[in-house]
Amino acid sequence: MENWMDMLQPLIHYSLHFLVPGLLAYVFFRDQWKKAWLIMLLTMAVDLDHLIADPIFDPNRCGIGYHPLHSHYAIAVYFLMLFFKKTRIVAVGLLFHMFTDWQDCLWM
């Protein structure tokens, strides 16, 4: 039987990927929170860079710093995007995605 912590990790991971962006959208972009939440969910397309990895999915691999769109350089660009109103919602979604993936690295 799995350790309860092993069962808790995916629940936390997917809650952070799907539910918390809705909360962030509501708190920080209240006048357009539904649109902001959708945009933040769409930033999960950043995971397409996993398709060029071999193997595509490795549960023991930390994606931060490994995949190109999860690199420290990419994260720096996402941070800079916060300073521009037109890219701010995307930046919040991408940075929170990186935070979510980083917390997975801590579980390892």
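For the structure itself, consult the block above.
Keep in mind the model is a prediction, meaning the values are calculated, not measured. (Residues numbered from 1 in each chain as written. Predicted model: local features only at pLDDT ≥ 70, side-chain atom pairs only at ≥ 80, totals over all residues. Heavy atoms only, no water.)

**Digging into unusual backbone geometry**
Move 1: Going from Asp54 to Pro55, the amide bond is cis rather than trans, its omega being 0 degrees.
Move 2: Within the secondary structure layout, Pro55 lies in the loop between α3 (33-42) and α4 (72-81). (Helix = DSSP H or I, 4+ residues; strand = E, 2+ residues; numbered from the N terminus.)

**Some points on the state of the cysteines**
Move 1: On inspection of all chains with the given rule, the structure shows 1 disulfide.
Move 2: Residue Cys62 pairs covalently with Cys105 via a disulfide, S to S 1.8 Å. For the disulfide bridge between Cys62 and Cys105, the dihedral angle about the S-S bond is near 85 degrees, and by the sign convention the bridge is right-handed. Remark: Cys105 occurs in helix α5 (residues 88-107) and Cys62 occurs in the loop between α3 and α4; sequence separation between them is 43 residues. (Disulfide = S-S within 2.5 Å.)

**Section: the packing of helix α2 (residues 20-28) against α3**
Any two packed helices are characterised by the angle at which their axes cross and by the distance between the axes.
Move 1: Contact geometry of α2 with α3 gives a least axis separation of 8 Å together with a crossing angle of 140 degrees. It follows that α2 is oblique to α3 by the angle criterion. Judged by the sense of rotation from one axis to the other, the crossing of α2 with α3 is right-handed. Residues Pro21, Gly22, Leu24, Ala25 and Tyr26 of α2 touch α3, and the partners they reach there are Trp33, Ala36, Trp37 and Met40. (Axes fitted to C-alpha atoms, helices over the stretch in contact; angles between N-to-C directions. Parallel < 35°, antiparallel > 145°, perpendicular 65-115°, else oblique. Left-handed = near helix turned anticlockwise from the far one by under 90°. Contact = heavy atoms within 4.5 Å.)

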